[in-house]
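# Results of the structural survey
Spelled out from the first residue to the last, the chains are:
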Amino acid sequence: MENSQQRSASIAVTGSLAYDLIMDYHGYFKDHILPDKLHVINLSFLVGELKKQRGGCAANIAYTLALLGHTPRIVAAAGNDFGEYEQWLRARHVDTSGIHIFPELTTATCYITTDQAHNQITGFYPGAMSKAREISLHQSIERDCRWVVVAPDDPPAMLRHCAEAKKHGLRLVLDLSWQVTAMDGPGLREAAHGAHALIFNDYEFGVFQEKTGRHAKQLLADDIEMLVVTMGSDGSEISTRDGVIQRAPAAQVSNVVDATGAGDAYRGGFMAGLLQNQDLSVCGRMGSVAAAYCIENYGTQNHAYTREQFERRYQENFGAILAPT
């Protein structure tokens, strides 16, 4: 793969930085939920495994971009416990100079419990992420930055980053993800209007449409140039303003270990394709391969591959050679 001097530094990724405490429950949540007791839920699960992992949407996306030969700059907020994590990211060609440390707070922490059916119950403590609204995107990037991914973060921070990206002519890719449930309709419309692309899973897009009253054709006609919707094992669909719809199948997964972070890995793979000027259907397939690697490993950043390994797996799945970068 390329060395750090040859890598692209033209993309910034904003979003959460977090530690993930991942707990595996060797049963099924559904066996403990009584329909007639939903008003007094009090559940306790004996988990079989507990691991502390590096996570956060910005870092997860940036990690995949780095694996695929880029040097993304993270613009985000972290706390007084982030030092070792930052060193780890730097060693993997992620630019951490846009990370702002708030020493009075700890880094955000996500508590995830997953059952045998891969259902998840998640609690999220924002910590330093609540300070992300104080960070200026424009002041945290270099002049050669052309793209920015605004991933889930403190909602006011997301709105600020979107506004700055549009003001300064950056190509904005908005990944609302789980924050689509926290933001109101006007805020969602404000963030989306003028973005280059929106990326959702199919459930999140349904929530977005319900809250904003904006459907795919309206969005592509008036607000954005591209809409990407992921559909798990059914792959993804990429729609553009000119009416073209590209579909990308999911990649084969040899062993489902942990689905946490698969969406972020998809986004990193998709964005790597965009930066490499690949066809949109290829971008979607790159996202699928990146997600498959993530699913086969525990946690969101414990997988790794070379460019050659990635290209070989791409060819095995889709019967085509991935064009050189």
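Here's what I pulled together on the structure shown here. (Residues numbered from 1 in each chain as written. Predicted model: local features only at pLDDT ≥ 70, side-chain atom pairs only at ≥ 80, totals over all residues. Heavy atoms only, no water.)

## Brief notes about the overall build of the chain
To keep it simple, the criterion reads: Secondary structure follows DSSP: runs of H or I at least 4 residues long count as helices, runs of E at least 2 residues long count as strands, and numbering of each begins at the N terminus. As defined in this context, the radius of gyration uses C-alpha atoms, and a globule is described by 2.2 Å times the residue total to the power 0.38. Relative accessible area decides the class of each residue, using a 1.4 Å probe on protein chains only: under 20% of the type maximum gives buried, over 50% gives exposed, and in between gives partly exposed. By the convention used here, residues are in contact when the closest approach between their heavy atoms is within 4.5 Å. Each accessible area value is a Shrake-Rupley result obtained with a 1.4 Å probe; residue values ignore everything except the protein chains displayed when judging cover.
Within the chain one finds nine helices and 13 strands. At 19 Å, the chain has a C-alpha radius of gyration in line with the 20 Å of a compact globule built from 325 residues. Viewed in the frame of its principal axes, the chain has a C-alpha envelope of about 55 × 45 × 45 Å. Taken over 325 residues, the chain has a buried fraction of 55%. Sequence-distant contacts, at least 24 apart, represent 69% of the contacts inside the chain between residues at least 6 apart. Accessible surface, the chain: about 14700 Å² in total, of which carbon and sulfur atoms supply 48%.

## A short note on unusual backbone geometry
For His93, which is not glycine, the phi dihedral falls at a positive 70 degrees. By the secondary structure assignment, His93 is in the loop between α2 (83–91) and β5 (95–101). Owing to a relative accessible area of 29%, His93 belongs among the partly exposed residues under this scheme. A positive phi is found at Ser177, a non-glycine position, where the angle reads about 45 degrees. Looking at the secondary structure, you find Ser177 in the loop between β9 (171–174) and α4 (185–192).

## Structural notes on the sheet that holds strand β12 (residues 236–240)
Counted only if it meets this: The criterion for strand pairing is that DSSP finds at least two bridges linking the strands in question. All axes are obtained by fitting lines to C-alpha atoms, using only the stretch in contact for helices, and the reported angles, taken between N-to-C directions, cover 0 to 180 degrees.
Pairing within the open sheet is mixed, and its nine strands lie in the order β5-β4-β1-β8-β9-β10-β11-β12-β13. The open sheet is flanked by β5 and β13 (245–248), the only strands paired with a single partner. With direction set aside, neighbouring strand axes in the sheet form an average angle of 15 degrees. Contacting β1 (11–14), β4 (73–78) and β8 (147–150), helix α1 (residues 57–67) runs over the sheet at an angle of about 150 degrees to β1. Contacts from helix α3 (residues 155–167) reach β1, β8 and β9, with the element oriented near 155 degrees to β9.

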